[in-house]
Structure formats: C-alpha cells, structure tokens
Amino acid sequence: MALIELKGIARTFQLGDTTVNALADLNLVIDPGEYLAIMGPSGSGKSTLLNLLGLLDRPNAGSYLLEGRDVTTMQPDELAKVRSTRIGFVFQSFHLVPRLTAAENIALPMTLAGIPAAERVKRVAQALLDFGLENRADHRPDQLSGGQRQRVAIARATIMQPALILADEPTGNLDRHTGEEVVRLLEELNERGVTLVVVTHDQALGARARRQLMMEDGRLQSDSTHLPPLQGEGRGGDGLIAPISNPSPSPPPP
Amino acid sequence: MRLPDILRFARDAAIGYPMRTSLSVLAMSIGVASVVILTALGDGARRYVVGQFSSLGSNLVIVLPGRSGTGGFNPANAITSTPRDLTIDDAAALLRAAGVKQVAPLTAGTSEISVAGRLREVMVAGTTASYFPIRNFELGQGSALPEEDWGRGSAVAVIGNTIREEMFGNAPAIGQLVRVGDRRLRVVGVLKPVGQGLGMNTDELVIVPVALAQAMFNSNTLFRVLIEAKSREAIPQVREEVAEILKQRHRGEEDVTVITQDAVLATFDKLLGALTLGVAGIAAISLAVAGILVMNVMLVAVTQRTGEIGLLKALGATGNTIRLAFLAEAAMLSAVGALLGYLLGQLGAFALRQFFPVFPAYPPDWAVIAGLSTALGTGLLFGFMPARRAALMDPVQALMKH
Ligand SMILES: Nc1ncnc2c1ncn2[C@@H]1O[C@H](COP(=O)(O)OP(=O)(O)OP(=O)(O)O)[C@@H](O)[C@H]1O
Ligand SMILES: [Mg+2]
C-alpha cells in the first residue's frame, strides 16, 4: 500500500478578485521509505504541497489517502492525532520554542500527546545522544548554533517515531558545511525506513534524493521516477526507479 | 496533554514574558486588594456602630415623647413637638407591666457646674438609681443616686471622671458640694472613665435625681424613658404593654413612640451593611477592569506567539489543548494576582487597625470570597476569547508568522 496517494488535488487562494491556483490537478503516489526532493521556482507551490501532505492545510478539490485513509474528510482533532503520531516537520527557520530548553523542545510532541514524563525523559536522553546534543540539553535555542538548532528540530520531528518527515528547505538558513550535516542526519533517518520529503532550491541537495519532483505553476513538471515525464496524468510513484532502489521498506514502529 | 504539563507550559509562558505578566498580576491584585480594604472599612464602620449601640445596655425598650408616623426609628422624633407630657408618673406606671425588669426616666439639658471658682458647661441627665444598672454604668468612687421616691429629688449628683478632674484635680470629690445651675449639690459618686462613645460622653456628664433636673430646667416632660426587659424574648411583649399603658394614661391617644434597641440596631446594621455592599460593588468594577486587562494581555500573547501556536498545531496539538494552555495562563495570572491582592488587602486592613485601634477593620468573609472568585471568574471569562482565537488559528498562516 502506498504511503501517500494524491488524486486531482487543487488548492486555490482568493486574493481580492484574483484566484491563485497554488496547486492544480496534482496526482502523486509516494511509497513508504521513499526519499523525495521537491524542486521548482519560487511560487510554484512546493510549500503549499508540503502543507497539504502534512495535514496543515486542506485541498479545495481532490482526494488524499494517507496510509489508505482518506484524510480530507477527517475532523480537526483526528488530523491533529495523525500529525502527532505519523508526521514530523522540519522547518527552514527551525521553529523552536524560545523559552524552552533543547530537551524540552525535543520532548514537546510527546508532552502534547500526553506521554508520561518518565517515558519522555528516557526517549529525550536517547535522542540527545543520537543527535550529538547531550551537552546542550539545558540550553535554550538562543544559546545554540544554527546547526544545533536544526538538529534539535530534527530530534523533535523524530521523537514520536513518525512514518513521514516533511522538511521545507531544512538547510536554507545554514552554511554549506552545516547544511551537509543536517542532510546526512535526515538521510540516515530515511535509511532506517522513514519516508523523507524535502523541499529545496539547492540542485546538489535535490540530486541526492532518489526521486525528484519538479514543480511549476502548481503542477508537477517532471517526476524522475518516470523516464519521460508524464503530464496531467494520474500516475505517481509506481514508476521504475523507486521500487528497485527501495525493496521492502518497513515502516518504523508506531 | 496532561494537566500538570499544561500548567507547567502555561507557567513557563507567563514567566517568559515578565513585563505583561507582572502588569496583569498587578492590575488584578490592586482590584482584589481594594475589595478587601474597602469592605474592611465598611464592615469596620458597621461593627463599630453596632458595638457602640450594644454598649447602651441590653434588652432595652425606649419611650420617646411624640409620635412617629411609621412607628419605626426616625431621628426626626427627637424634635417632634409633644402634644402631651411624658411624665415621671408615666414612667413609674410602666413598672406594672409584666416582663419589665427596671425602668429609668431620663430628662436632659445643659447647665453650668462650678466649684471654688472653676466653671464649665456640662450635660445634665436627670434620672433615678435604676439608670445605672440599665446603662451598665460603673462607679469609680462613691455610690450611685440614692434609691428614693422619684418625685423627691435630693440635692446630690454623680459626676463623670473628666468633670471630677477639672473641678477637683487630685483633691477628693466625694462629699464635696458643687453648684449646678442655681443649686448646690453634694457629690455622692464618680463614674468610671470610659472614653469617647457614641452620643453622650459619660466622662463629661453630671447625673442628678430626675425631679431635681425637672425643677432645674423647669419642665414636666421626660426626654426618654428607658426600660429594661427581663429577657430578649420579652422585648416585643414589653413594647406592646408599654404602648398600651401609656395610651390609657394619655386618654387613648398614642402620642409616644416606643422603640426597641434591636430595631435601632437592625436599622444601622442594615444601613451600614448596604454601604459595605455598595463599596464592594465599586471595588468590583476595578476587578472587571483588571479582567479586561488580562484579556488584552492574553490577546497580545496570542498575537505574539502566533508562530508558536502554528508549531504546536503542526506537532499534533488539538484545538482543545491550545485553548486549555491559554486559559490556564489567564487563570494563573488572575489567581496569582488575586492571591497577591488578598495579601496586600489584609496587610492594608492590618495597617488600618494599627493606626485606628478602636476601628475593627476586618474584611468580612463574604467579601473576601466574592473578591477572590470574581477575580478568578473574570480572569477565566476574559481569558476565554483569546484562548478561542488561538485554538481556531489556521496552522499554515500561523507558521508563516515567525
Ligand atoms: N495564504 C496564501 N494566500 C494567497 N496566496 C498564497 C497563499 N499561500 C500561497 N499562496 C500563493 O500560492 C503560490 C504557491 O506558494 P508556495 O508558498 O507554495 O510557493 P513555493 O513553491 O513554496 O515558493 P518558495 O520557493 O518561494 O517558497 C504562490 O503564488 C503564492 O503567492
Ligand atoms: Mg516555500
């Protein structure tokens, strides 16, 4: 079963009397364990697509199946639950809560989910080790470097062991070397089976992904899984490359 | 999200913005403190007056010449013209009524007292020996007025302690002669000093037999008749009987007013109670203002933390969790403010009591409870709107504001 299945997705914004088609007739299938880069010029709809995938936004038309479930008809509280347990976000500007320490920021999704404190402490300690932050546990974000902040954000995105990590320009605010480090971390997560979707302007970074989507004007311009890019047709990740390079990825434990 | 986590989160958020937090806590505490202090003042006044009235004596029924239309206590009674005199014999007749323990006729006027060239104006009360136990007067020296026929009026006087000091200094007063008006009277007793009370100051009083006072002031009518009932329960019956006896003696005319101390007390009690309530109401307005301030502070908080709200939603917080977090923060601001205000108010009331020891400035329990719960209530009420706004925020829009 595909992790994500988008069919005929449209997302429009009303700006005065003009209608902006941020996404139009978009079809996409993403299998579990894929590593996918979304690229395209500014304003082409990459962030809009990512927000939709992350259930932060709803399409105006089309259907979205996440792990086989139709999420377009879900109530806000159900969506929150799915976000909490299945999806992790990594943002360009880190989005850490400034008054909380690194450890508390990492624990935040578990706190929100009502996981007992003892369990939180255990998991945060492990995450701090995994991401090389064990000496920074009690530092607040303004006492951390950009790379460290993004590592805290990635630790936070993975602490609930989600099936899907969505990253919108995760290296946009970092220098090349630090950005490289962060990408390595994300790729390691993917190697352990987490599906990774990265939005980026960086050609080199995009090229590292096993699958590239090019967007233009709210449409999929090309999908590297298809040797000749198919336009306007409802086919997605059932192409040639992804299944071969991803034999049978197992979703992480819930 | 678990409750302790919500509380901790709200607390950290409040501490994270010390300026706005201390502002709203301050506003709330001023509101609560003013409720506590103002009601302490109002209730203190009530207690003070009630206490003074109670010191007049217990189980009192008082007869005033002249009729009051309502039958209740009316200060205007004191100056109503009298159609028929209230006489010493009237007062004596009241001893017949069942339930009456003792009766004291009272006539009053001002005169001059002089001893060996020292002279001053005094209040003269003409009454009988029974007046002393009825009013709980205690003697510092000598004895009270003699038990004698009320119509006789021996030439004796009991004087207040201030009068004694001014007239005799350190010299003995008992047995000395003083001149009051045009009479020469022998001092038989000196009242114990009591200090300033409501109405008459007994330290500056000269008490003489009632017949003597009437002759001195050339009047036949009494100013008051004080009656002590045998018990509190007997008061209504005594009141009726007294009215009936005087009506018979005055040829069927109800030309006197009979009041009970209870009624007077109740009137003042009610009056000053209402005053306290009014003052509390005014103070409560400041609580509402504080509540609105908390609301504004929380609205600013929601705007300031829009990005954070978006993040919380992205991390899986439900609308309910976010609403609770902001409500908890508003409740915390109000609760801390209310508590601080309560302490400030109690401190203020304590200071009042230190400066004015006679004035029992204790805030009544109802005011404290009402003040605290209004503070919490308004905090929650006005915290609701900002919390709702936060919960309904669109996550994508919110995340873009960072
Ligand atoms: N809330 C909104 N209201 C109106 N228009 C919007 C809104 N959000 C996005 N758009 C429009 O939708 C289109 C796609 O925006 P989107 O943010 O997805 O672009 P992007 O590919 O992420 O661009 P960038 O690379 O600059 O981040 C743009 O034309 C943008 O102006
Ligand atoms: Mg974007």
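Since we're looking at a predicted model, the values are computed, not measured.

Let's talk about the domain arrangement of chain B
You can read the domains of chain B as domain 1 (3-52 + 267-400) and domain 2 (101-229). Once you take the C-alpha centre of each, domain 1 of chain B and domain 2 of chain B turn out to be 57 Å apart.

Some remarks on the packing of aromatic side chains
One pass over the structure, following the stated rule, counts five aromatic pairs over all chains. Relative to A:Phe91, the ring of A:Phe89 has its centre 5.8 Å away and its plane inclined at 5 degrees; by these criteria the two rings are stacked. Judged by relative accessible area, A:Phe89 falls into the buried class, the value being 4%. Taken together through their ring pairs, the aromatic side chains of B:Tyr131, B:Phe132 and B:Phe137 make up a single cluster. Positioned over the ring face of B:Phe9 is A:Arg99, at 5.1 Å from the centre of the ring. When the ring centre of B:Phe223 is taken as reference, the NZ or CZ atom of B:Arg224 above it lies at 4.2 Å.

Topic: the sheet that holds strand 2 (residues 18-30) of chain A
All names here are of chain A. The antiparallel open sheet is built from four strands, whose spatial order is 2-1-4-5. The open sheet is flanked by strand 2 and strand 5 (69-70), the only strands paired with a single partner. This element, helix 1 (residues 46-53), spans strand 1 (4-15), strand 2 and strand 4 (61-66) of the sheet and lies at about 120 degrees to strand 1.

Things to note about the site of ligand 1
Within the structure, ligand 1 sits among 14 residues, and A:Ser42, A:Gly43, A:Lys46, A:Ser47 and A:Thr48 are positioned closest to it. Two or more chains meet at ligand 1, and those chains are chains A and B. With respect to ligand 1, the backbone of A:Ser44 contributes an N or O atom lying 3.2 Å from an oxygen atom. For ligand 1, whose unbound accessible area comes to 630 Å², protein coverage reaches 70%. Examining the composition of the shell around ligand 1, we find that three residues originate from one element, helix 1 of chain A, more than from any other. Split into classes, the residues belonging to the shell around ligand 1 amount to five nonpolar, eight polar and one charged.

With respect to the pairing of strand 5 (residues 156-159) of chain B
Residue and element names in this part refer to chain B. Here strand 5 shows a buried face lined by Val156 and Val158 and a second buried face lined by Ala157 and Ile159. When strand 5 meets strand 7 (residues 183-191), the two strands line up parallel, connected through four bridges. Each residue of the ladder has a partner; that of Val156, found in strand 7, is Arg186. Sheet analysis places strand 5 next to strand 8 (residues 205-209), joined by two bridges and oriented antiparallel. In the strand pairing of strand 8, Val158 is matched with Ile207.

Brief notes about the interface of chain B and chain A
If you look at the interface, chain B gives 26 residues, while chain A gives 24 residues. Summed over both partners, the interface of chain B with chain A buries about 2200 Å², with 62% contributed by carbon and sulfur atoms. Inspection of the region where chain B meets chain A yields two salt bridges. Notably, a salt bridge pairs A:Arg120 with B:Asp5, separated by 2.8 Å at the nearest N-O pair.

Some thoughts on the pattern of salt bridges
All names here are of chain A. In total, this model carries 30 salt bridges over all chains according to the counting rule given. Of the charged contacts in the structure, one is a salt bridge between Lys122 and Glu119, with a shortest N-O distance of 3.7 Å. Taken as a pair, Lys122 and Glu119 lie in helix 4 (residues 117-130) at a separation of three residues, close to a single helical turn. Of the residues examined, Lys122 reaches a relative accessible area of 57% and is grouped as exposed. Glu119 sits in the partly exposed class, given a relative accessible area of 28%. With a shortest N-O distance of 4.0 Å, Arg184 and Glu191 are connected by a salt bridge. On the basis of relative accessible area, Arg184 is assigned to the partly exposed category, the value being 33%.

Procedures and definitions
Residues numbered from 1 in each chain as written. Chains lettered and ligands numbered in written order. Predicted model: local features only at pLDDT ≥ 70, side-chain atom pairs only at ≥ 80, totals over all residues. Heavy atoms only, no water. Domains from an automatic or database assignment. Phe/Tyr/Trp six-rings, centres within 6.5 Å; stacked < 30°, edge-to-face > 60°. Buried < 20%, exposed > 50% of the residue type's maximum accessible area, 1.4 Å probe, protein only. Lys NZ or Arg CZ within 6 Å of the ring centre and 35° of its normal. Pairing = 2+ DSSP bridges. Helix = DSSP H or I, 4+ residues; strand = E, 2+ residues; numbered from the N terminus. Contact = heavy atoms within 4.5 Å. Axes fitted to C-alpha atoms, helices over the stretch in contact; angles between N-to-C directions. Near = heavy atom within 4 Å. Polar contact = N/O pair within 3.5 Å; in protein donor to acceptor, adjacent residues only side chain to side chain. Areas by Shrake-Rupley, 256 points an atom, 1.4 Å probe, with all protein chains shown as cover. Nonpolar A, V, L, I, M, F, W, Y, C, P; charged D, E, K, R; others polar. Buried area = accessible area lost by both parts, 1.4 Å probe. Salt bridge = Lys/Arg side-chain N within 4 Å of Asp/Glu carboxyl O.

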